[in-house]
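Chain by chain, the residues:
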Amino acid sequence: MNRRDFLKSALTVAALAPVTRLAAKAGPDGNKTSDIAKGPQVTRRQYKDTQLSVPLLGFGCMRLPTISPDKPDIDYATAKKMIASAMMAGCNYFDTAYMYHGGRSEKCLGELLQDYPRDSYYLTDKMPVWFARNAADMERIFNEQLARCKTTYFDFYMLHSMGVANWKTAKRFKAYEFLAKKKKEGKIRKLGFSFHDTPELLAEIIKAHSWDFVQLQLNYLDWELYRSREQYEIATKAGVPVIVMEPLRGGALASLSPDAAAILKKAEPKLSTASWAFRYLAGLPNVLCILSGMTLPEHMEDNIRTFTPIKPLSDSDRKVLNEALAVYRKQLAVPCTACKYCMPCPVGVEIPKIFGLYNQYKISGNKWLFSNNYNAIPEDSRADACVNCGKCLKQCPQKIKIPAELKKIAKEFA
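The structure displayed is predicted, hence computed values, not measured ones. (Residues numbered from 1 in each chain as written. Predicted model: local features only at pLDDT ≥ 70, side-chain atom pairs only at ≥ 80, totals over all residues. Heavy atoms only, no water.)

## Re the overall build of the protein chain
Applicable threshold: By the criteria applied, helices consist of DSSP H or I runs no shorter than four residues and strands consist of E runs no shorter than two, each listed in order from the N terminus. C-alpha atoms define the radius of gyration in this analysis, and the globule rule sets the expected value at 2.2 Å times the number of residues to the power 0.38. Contacts are assigned to residue pairs with any non-hydrogen atoms lying within 4.5 Å of each other. Accessible areas in this description were obtained via Shrake-Rupley with a 1.4 Å probe; residue shielding takes into account the shown protein chains only. Residues scored as positive are Lys and Arg, those scored as negative are Asp and Glu, and His as well as the terminal groups of each chain are ignored. Every charge is mapped onto a representative atom, which is NZ of Lys, CZ of Arg, CG of Asp or CD of Glu.
Scanning the protein chain from terminus to terminus reveals 17 helices and 11 strands. Over its C-alpha trace the protein chain gives a radius of gyration of 22 Å, about what one expects of a compact globule, namely 22 Å for 414 residues. Reported as C-alpha extents along the three principal axes, the dimensions of the protein chain are approximately 65 × 55 × 50 Å. In the protein chain, once contacts between residues fewer than 6 apart in sequence are set aside, the share between residues at least 24 apart is 73%. A total accessible area of about 18,500 Å² is found for the protein chain, and carbon and sulfur atoms account for 54% of it. Of the charged side chains in the protein chain, 60 are positive and 42 negative; the average position of the first set lies 2 Å away from that of the second.

Pasting the structure below:
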């Protein structure tokens, strides 16, 4: 099934329709209203076949404004103004986590959101199982989060950053069962998980329990590079709505390389580079909400313009974006397109996967994440297992010197 056909079929599976206004009043379905919401509103989407509507633009609170670049203290005055702008535009979905800003993010939202009725916004938090010493410790963390956020419940709540190690811990602590109990008690309205790993593990976790949503890393660069397309399709086929994180790849897609950005500017001089990434994701019908970590008021203003209302990319827009992406990809450490023509490797080296992880590291600078994912690859399938047979050189349409690149990666992470 090609991408176009898949998206058409996904429309019936996801049943997520755009809505442009806040609901008239809060009801048992959990819909949120805001008396402050006036004027043009950001695009909203319905949750499955219910009346619950969520803003397509969510306020990610991992990168809130700080008093100074070298201090973690949050600039409350600026954050307050940004929250007010968000609420005015109907962007009433706020995402935080236990460790964001060293715990300051939860406290900041807890204080600043006191200015608004609790039924006027959605508050999202996450359970970091790696902070729990044992199963009983999850109770302490959860209660601490409620206290920091000055609330009695969370609208959306997740098992945080599920990967091989954290999923193992979650199963050992029976974390899902613990959170399902909290949901039954009314302290959680929608239960899901955020994810950072392979599509294979995602499929396993989704099948393990009944989930209300999943939070995935999706953007037009990672669609193939990070196997995001496969992850999106797994969630969509399972009927699990997707909330998007890292839509701008940690800010990388808000700037791109000068040559790539120039292509987008030539096509749409009035639009920001970041808006292209958001409009790309708006074309995915099973996306319920797109989180944006907005640090400056200018980020908020530009995002609200993009989402009021948002206009998904047209076919001609996609051609322009693909052209810019092709130029940008040349800036990557290894210009691999994950076509897999080099596979299978005679000795079993996971060539596209290794290059994808390495590019991700070079773009993000997150060496820990690379090492964690790289070490998850079987030892006899890693870069240093290459025997330089040269078979892949004949198959690669990008003419990448694959054995040499593998040798470089193996040396760098020996």
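## Brief notes about the pattern of salt bridges
The condition that has to hold: Salt bridge, as used here, is a side-chain nitrogen of Lys or Arg placed within 4 Å of a carboxyl oxygen of Asp or Glu. A simple rule labels every residue: compare its accessible area, found with a 1.4 Å probe on the protein chains alone, to the largest value its type can have, and call it buried under 20%, exposed over 50%, or partly exposed in between.
What the rule picks out here adds up to 23 salt bridges. Arg 133 is the salt-bridge partner of Asp 137, the closest N and O atoms lying 3.6 Å from each other. Under the relative-accessibility criterion, Asp 137 is labelled buried at 5%. Judged by its relative accessible area of 65%, Arg 133 is exposed. For the salt bridge of Glu 144 with Arg 140, the shortest nitrogen-to-oxygen distance reads 3.2 Å. Placement of both Glu 144 and Arg 140 in helix H4 (residues 137-149) is noted, with a separation of four residues, approximately one turn of the helix.

## With respect to unusual backbone geometry
A cis amide bond links Thr 308 with the next residue in sequence, Pro 309, at an omega value of -25 degrees. Position of Pro 309 among the secondary structure elements: in the loop between helix H12 (297-306) and helix H13 (315-329). Of note, the amide linkage connecting Met 343 to Pro 344 takes the cis form, showing an omega dihedral of 0 degrees. Structurally, Pro 344 is set in the loop between H13 and helix H14 (351-364). Although it is not a glycine, Lys 150 adopts a positive phi angle of roughly 50 degrees. Note on placement: Lys 150 falls in the loop between H4 and strand S7 (154-162). Residues other than glycine seldom take positive phi values, yet Ser 161 does so here, at roughly 50 degrees. Mapped onto the elements of the fold, Ser 161 is located in strand S7.

## Comments concerning the nonpolar core
Spelled out, the test is: In plain words, nonpolar cores are sets of buried Ala, Val, Leu, Ile, Met, Phe, Trp, Tyr and Cys residues tied together by side-chain atoms within 4.5 Å.
Core analysis: the largest hydrophobic core is formed by 93 residues, its most contacted members being Phe 59, Met 127, Leu 159, Phe 193 and Leu 218. Broken down by element, this core gets its largest block of residues, seven residues, from helix H11 (residues 273-282). Setting aside anything within four residues of it in sequence, one finds Phe 193 in contact with Met 158, Leu 159, Met 162, Leu 202, Ile 205, Ile 206, Trp 211, Phe 213, Val 214 and Gln 215. Judged by nonpolar contacts, the second largest core, of 24 residues, contains Cys 336, Cys 342, Ala 385 and Ile 400.

## A look at the environment of Pro 65
Among the secondary structure elements, Pro 65 is positioned in the loop between strand S4 (57-60) and helix H2 (76-88). The buried category is assigned to Pro 65, whose relative accessible area is 5%. The spatial distance from the C-alpha of Pro 65 to the C-alpha of Leu 281 is 25 Å, given a sequence separation of 216 residues. Excluding anything up to four places from it in sequence, Pro 65 contacts Asp 73, Ile 74, Asp 75, Thr 78, Ala 79, Met 82, Met 294 and Thr 295.

## A look at the packing of H2 against helix H3 (residues 104-112)
The test is simple: As a rule, the C-alpha atoms of each element are fitted with a line to give its axis, helices using only the stretch in contact, and angles between N-to-C directions run from 0 to 180 degrees. For classification purposes, an angle smaller than 35 degrees is called roughly parallel, one larger than 145 roughly antiparallel, one from 65 to 115 roughly perpendicular, and anything else oblique. A clockwise turn of the near helix away from the far one marks a right-handed crossing, whereas an anticlockwise turn of less than a right angle marks a left-handed crossing. For this classification, the nonpolar set comprises Ala, Val, Leu, Ile, Met, Phe, Trp, Tyr, Cys and Pro, the charged set comprises Asp, Glu, Lys and Arg, and every other residue, Gly included, is treated as polar.
Viewed as axis vectors pointing N to C, H2 and H3 meet at an angle of 60 degrees, and their least axial separation amounts to 11 Å. Here H3 runs oblique to H2, going by the angle between their axes. Where H2 crosses over H3, the handedness of that crossing is right-handed. From H2, Tyr 76, Ala 79, Lys 80 and Ile 83 reach across to H3, where they touch Arg 104, Lys 107, Cys 108, Leu 109, Glu 111 and Leu 112. Residue classes in the contact of H2 with H3 are distributed as six nonpolar, no polar and four charged.

## Side note on the packing of aromatic side chains
As a reminder of what qualifies: Stacked, tilted and edge-to-face are the three classes assigned to paired rings of Phe, Tyr and Trp, where Trp is represented by its six-membered ring and a pair needs centres within 6.5 Å; plane angles under 30 degrees give stacked, over 60 edge-to-face, the rest tilted.
In total, this model carries 26 aromatic pairs according to the counting rule given. With a centroid separation of 5.9 Å and 45 degrees between ring planes, the pair formed by Tyr 361 and Phe 370 is classed as tilted. Take Tyr 361 and Phe 370: they sit in the same class, and that class is buried. Among the aromatic residues, those joined into a cluster by ring pairs are Tyr 358, Tyr 361, Phe 370, Tyr 374 and Phe 413.

Taken by themselves, the reported measurements are silent on function.
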